[in-house]
Amino acid sequence: MGQAYDKFLARQQKLEEQYNEEYYAKQHNRGKLTARERILMLFDEGTFEELDAYVPSAGSSFGKSKSVMGDGVIAGYGTIQGRQVYAYSQDFNMMGGSLGAVHANKITKVHDMALKTGSPVIGLIDSGGARIQEGVSSLNGYANIFRRNVLASGVIPQISAIMGPAAGGAVYSPAMTDFIFMTEGTSYMFVTGPDVVRQVLNEQVTTDQLGGAKVHSTKSGVAQFVYSDDANLILGIKKLLTYLPSNNIENAPFVPNDDPIDRVEESLRDIVPEDPDKPYDVKEVIRLVVDKGRFFEVAENFAQNIVVGFARLGGYTIGVIANQPKVMAGSLDIDSSVKGARFINFCDSFNIPIVTFEDVPGFMPGTDQEHQGIIRNGAKLLYAYTRATVPKLTVILRKSYGGAYIVMNAKGIGGDYSFAWPTAEIAVMGPDGAIAILYRKELAAAEDPAALKRELVAKYRSEVTNPYIADEKGFIDEVIDPAYTRIKLYRALKSLDKKSVSLPRRKHGNIPL
Ligand code: HXC
């Protein structure tokens with residue numbers, strides 16, 4: 001080929017020079033991997049195909065404008081565990097990973113290809129936001145990305161990993177994807193940084209206090225997964241992908257394992273304490289029911305009164321939602337309602353059946369919750385469950401009171417099968433509240449109100465709250481031996497393999513936001 005080939009090699013050489021020793025050292029000194037190392041680690045070895053590596057930055061007449069090959073983002077496709085995925089990785093070493101017009105075009109290109117081919121798309125974010133020198137062109141770039149995020153929502157899984165700064169516009173693309181991962185200590189997300197906060201509000205905060213991984217995974221609920229460093233975060237993304245389908249017309253991969261589906265788990269008979277007010281860990285229930293070691297929790301540290309995550313049952317992916325009696329007695333508040341609703345929406349979009357483990361005394365009372373909108377936010381959970389057309393199963397472990405009975409996937413809102421353990425308590429409200437309302441006068445007049453209350457509570461429990469009443473009315477399908485929960489759920493799910501529900505024609509529903 002002669003000269004033509006030499007020119008080709010020279011171009012390659014020039015790109016390699018851009019990624020020199022200094023380039024690697026700069027990023028490693030910040031405790032981070034480079035954009036290149038990250039993307040190569042993400043894909044199966046030798047499968048990553050880079051697109052647009054040589055395109056130069058658009059440049060600008062203003063200030064410190066530079067032109068770098070690839071414009072500060074590495075984009076392309078490859079396989080992860082053998083399945084095709086598209087990804088981009090922002091390069092903080094190149095103008096702070098800021099988003100200029102060319103950078104944005106590279107991202108929208110992989111997004112379009114991912115959508116066209118029904119493949120997940122992953123963004124590894126390390127960016128100072130809109131590139132200041134490029135002005136409105138960079139804003140337009142973000143607008144184009146946001147539009148792709150919305151168009152792809154519910155069609156292909158979209159995953160974002162924050163592995164450095166995500167400032168300004170850089171936060172809103174991740175916010176519209178399905179899952180956000182963050183690294184501890186090296187990542188942060190905020191719309192306006194500490195300098196602006198200080199100027200506008202006279203508040204002193206560090207980047208970590210304002211938008212670090214801890215804040216977003218425990219308080220704001222923006223991030224679902226936190227890992228100690230880049231390498232572990234990438235392993236986390238790969239693990240999540242094993243549970244997900246590539247798009248909304250496929251099912252999640254079936255991954256068989258050696259846990260027998262007819263395993264009888266006798267310890268489940270004793271997991272709910274005799275005392276109905278004593279807590280227990282619902283995660284133990286989940287772990288004993290699903291395939292051994294196959295529970296991957298989502299948003300583990302946020303709204304811990306509800307537990308959500310992916311699991312396998314007989315090798316099939318399921319989405320698990322469970323009230324957690326260990327935290328706030330498992331009651332539903334604003335954060336847990338929104339967390340549950342968002343997870344249900346994801347499962348429903350991607351054909352993942354939902355299994356609910358219920359033990360909920362009701363919605364959280366109080367002015368704080370009422371004033372912040374528990375009505376509006378609790379409605380999100382109700383709406384999400386009701387709208388979901390994937391197979392929906394419930395096991396009532398213990399409390400199932402009031403609105404919470406309905407919200408947590410009652411058959412009346414479209415739950416396919418409801419099972420109850422013998423410890424289930426199903427009624428309009430718990431015994432204390434019910435007795436106080438129904439027997440107020442009698443209790444006030446009684447010689448020994450405590451004794452009368454004890455007697456009435458016992459009667460209420462035996463006549464009203466036991467699960468056999470709901471069972472005999474058909475509101476639950478069966479009171480089951482807890483030891484057989486696993487096989488009962490599996491058979492019910494298999495029976496729903498061909499479930500088909502059609503909803504009324506409409507542009508879209510109006511979920512209470
Ligand atoms: C151009 C940028 C940049 C940006 C960083 N750089 N952000 N260049 N546009 N937005 C460049 C710096 O000039 C520097 O270049 C290099 O990246 C590294 O930045 P440093 O500041 O030295 O790094 P560090 O101290 O780690 O601070 C990182 C940072 C800070 C916190 C991200 O750079 C920062 O605050 N950047 C601006 C964040 C921001 O406000 N973005 C715009 C948001 S508005 P040199 O040449 O010196 O190496 C927005 C609008 C979209 O995004 C809204 C859509 C909804």
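Bear in mind the structure is a predicted one, so any value in this text is a computation, not a measurement. (Residues numbered from 1 in each chain as written. Predicted model: local features only at pLDDT ≥ 70, side-chain atom pairs only at ≥ 80, totals over all residues. Heavy atoms only, no water.)

Caption draft 1: Region of interest: the overall build of the protein chain. Helix and strand content of the protein chain: 20 helices and 16 strands. Here the C-alpha radius of gyration of the protein chain, 26 Å, is about what a compact globule of 513 residues would show, namely 24 Å. Considering only C-alpha atoms, the protein chain reaches an extent of 100 × 55 × 45 Å along its principal axes. Accessible surface, the protein chain as shown: approximately 23700 Å² in total, 54% of it carbon and sulfur. Positive and negative side-chain charges in the protein chain, numbering 56 and 59 respectively, have mean positions lying 6 Å apart. (Helix = DSSP H or I, 4+ residues; strand = E, 2+ residues; numbered from the N terminus. Rg over C-alpha atoms; globule rule 2.2 N^0.38 Å. Areas by Shrake-Rupley, 256 points an atom, 1.4 Å probe, with all protein chains shown as cover. Lys, Arg positive; Asp, Glu negative; His and termini not counted. Charge placed at Lys NZ, Arg CZ, Asp CG, Glu CD.)

Caption draft 2: Spotlight on the site of the ligand. The environment of the ligand is formed by 20 residues, the closest being Gly96, Gly128, Ala130, Ile132 and Gly169. At 3.0 Å, a backbone N or O of glycine 96 approaches an oxygen atom of the ligand. For the ligand, a nitrogen atom lies 2.9 Å from a polar atom in the backbone of alanine 130. Bound to the protein, the ligand loses 55% of the 1000 Å² it would expose on its own. Among the secondary structure elements, those contributing two or more residues to the shell around the ligand are helix H5 (136–152) and strand S5 (158–167). When grouped by side-chain class, the residues that make up the shell around the ligand number 10 nonpolar, 7 polar and 3 charged. (Near = heavy atom within 4 Å. Polar contact = N/O pair within 3.5 Å; in protein donor to acceptor, adjacent residues only side chain to side chain. Nonpolar A, V, L, I, M, F, W, Y, C, P; charged D, E, K, R; others polar.)

Caption draft 3: Structural context of the packing of helix H4 (residues 101–117) against H5. Where H4 meets H5, the closest approach of the two axes is 8 Å, and the angle between their N-to-C directions is 15°. Between H4 and H5, the crossing angle belongs to the class labelled roughly parallel. Crossing of H4 against H5: the hand is left-handed. Here Ala101, Ala104, Ile107, Thr108, His111, Asp112 and Leu115 of H4 lie close against H5, whose contacting residues are Ser137, Gly141, Asn144, Ile145, Arg148, Asn149, Leu151 and Ala152. Each residue belonging to the contact of H4 with H5 can be placed in one class, and the counts come to 7 nonpolar, 6 polar and 2 charged. (Axes fitted to C-alpha atoms, helices over the stretch in contact; angles between N-to-C directions. Parallel < 35°, antiparallel > 145°, perpendicular 65-115°, else oblique. Left-handed = near helix turned anticlockwise from the far one by under 90°. Contact = heavy atoms within 4.5 Å.)

Caption draft 4: Structural detail: the packing of helix H12 (residues 334–349) against helix H14 (residues 374–387). Running from N to C, H12 and H14 point in directions that differ by 25°, and their axes come no closer than 8 Å. The orientation of H12 with respect to H14, classified from their angle, is roughly parallel. When you trace H12 past H14, the crossing you get is left-handed. Residue-level contacts link Ile334, Ser337, Val338, Gly340, Ala341, Ile344, Asn345 and Asp348 of H12 to Ile374, Asn377, Gly378, Lys380, Leu381, Ala384, Tyr385 and Arg387 of H14. When its residues are assigned to classes, the contact of H12 with H14 shows 8 nonpolar, 5 polar and 3 charged.

Caption draft 5: Main features of the pattern of salt bridges. Counted under the stated rule, the structure contains 26 salt bridges. Across the pair lysine 399 and aspartate 277 runs a salt bridge, and its minimum N-O distance is 3.5 Å. Here lysine 399, found in strand S13 (residues 392–401), pairs with aspartate 277, found in the loop between helix H10 (230–242) and helix H11 (282–289); they are 122 residues apart in sequence, far enough to count as distant. The shortest N-O distance in the salt bridge between lysine 453 and aspartate 432 comes to 3.6 Å. Of this pair, lysine 453 sits in helix H18 (residues 449–465) while aspartate 432 sits in helix H16 (residues 431–438), placing them 21 residues apart in sequence. The exposure class of lysine 453 is partly exposed, given its relative accessible area of 34%. Judged by relative accessible area, which is 46%, aspartate 432 ranks as partly exposed. (Salt bridge = Lys/Arg side-chain N within 4 Å of Asp/Glu carboxyl O. Buried < 20%, exposed > 50% of the residue type's maximum accessible area, 1.4 Å probe, protein only.)

Caption draft 6: Structural detail: a nonpolar patch on the surface. Residues Met1, Tyr5, Phe8 and Leu9 make up a contiguous nonpolar surface patch of about 450 Å² in total accessible area. Mapped onto the secondary structure, phenylalanine 8 falls in helix H1 (residues 3–18). Phenylalanine 8 sits in the partly exposed class, given a relative accessible area of 44%. (Patch = residues over 30% accessible without salt bridge, like charges linked within 9 Å, V, L, I, M, F, W, Y side chains within 5 Å.)

Caption draft 7: Structural view of H16. Considered for burial, the residues of H16 that qualify are Pro431, Ala434 and Ile435. Seen from one end, H16 has its buried residues packed into an arc of 95°, which puts them on one side. Looking at the packing, one finds that the buried side of H16 touches S13, helix H17 (440–445) and H18. (Arc of directions from axis to C-beta.)

Caption draft 8: A look at the side chain of lysine 238. Topologically, lysine 238 is positioned in helix H10. In contact with lysine 238, not counting residues within four places along its chain, are Met41, Leu42, Phe43, Ile80 and Gln81.

Caption draft 9: How the structure looks around the packing of aromatic side chains. Scanning the model with the defined rule gives 21 aromatic pairs in all. Judged by centre distance (6.0 Å) and plane angle (0°), the ring pair of tyrosine 243 and phenylalanine 296 falls under stacked. Here tyrosine 243, found in the loop between H10 and H11, pairs with phenylalanine 296, found in strand S9 (residues 295–298); they are 53 residues apart in sequence, far enough to count as distant. Exposure class is identical for tyrosine 243 and phenylalanine 296. Each is buried. Among the aromatic residues, those joined into a ring-pair cluster are Phe179, Phe181, Phe225, Tyr227, Tyr243, Phe296, Phe310, Phe343, Phe346 and Phe350. Against the face of tyrosine 54 rests arginine 11, its NZ or CZ located 3.9 Å from the ring centre. A cation over an aromatic ring shows up here: arginine 312 above the ring of tyrosine 243, its NZ or CZ 4.8 Å from the ring centre. (Phe/Tyr/Trp six-rings, centres within 6.5 Å; stacked < 30°, edge-to-face > 60°. Lys NZ or Arg CZ within 6 Å of the ring centre and 35° of its normal.)

Caption draft 10: Region of the structure containing the pairing of strand S6 (residues 179–183). For S6, the buried fraction is high: 5 of the 5 residues fall into the buried class. Of the two faces of S6, the one lined by Phe179, Phe181 and Thr183 and the one lined by Ile180 and Met182 are each fully buried. Where S6 meets strand S8 (residues 225–227), 3 bridges bridge the pair, whose relative direction is parallel. Across the sheet, threonine 183 pairs through a bridge with tyrosine 227, a residue of S8. (Pairing = 2+ DSSP bridges.)

Caption draft 11: Inspection of the side chain of serine 187 at higher detail. With respect to the secondary-structure elements, serine 187 resides in the loop between S6 and strand S7 (188–190). A polar side-chain atom of serine 187 sits 2.7 Å from the main-chain carbonyl oxygen of threonine 183.

Caption draft 12: Layout of the nonpolar core. Counting 59 residues, the largest nonpolar core has Ile122, Phe181, Ile237 and Phe310 as the members making the most contacts within it. When sequence neighbours within four positions are dropped, the list of residues in contact with phenylalanine 181 reads Ile159, Ser160, Ala161, Ile162, Phe225, Tyr227, Leu233, Gly236, Ile237 and Leu240. If you look at the next biggest cluster of nonpolar residues, it comprises 31 residues, including Val282, Val307, Leu313 and Val355. (Core = buried A, V, L, I, M, F, W, Y, C linked by side-chain atoms within 4.5 Å.)

Caption draft 13: Quick look at the environment of valine 327. Secondary-structure assignment places valine 327 in the loop between strand S11 (316–323) and H12. Judged by its relative accessible area of 23%, valine 327 falls in the partly exposed class. For the pair formed by valine 327 and isoleucine 306, sequence separation is 21 residues and the distance between their alpha carbons is 8.3 Å. Every residue in contact with valine 327, bar those within four places of it in the chain, is listed here: Gln304 and Asn305.

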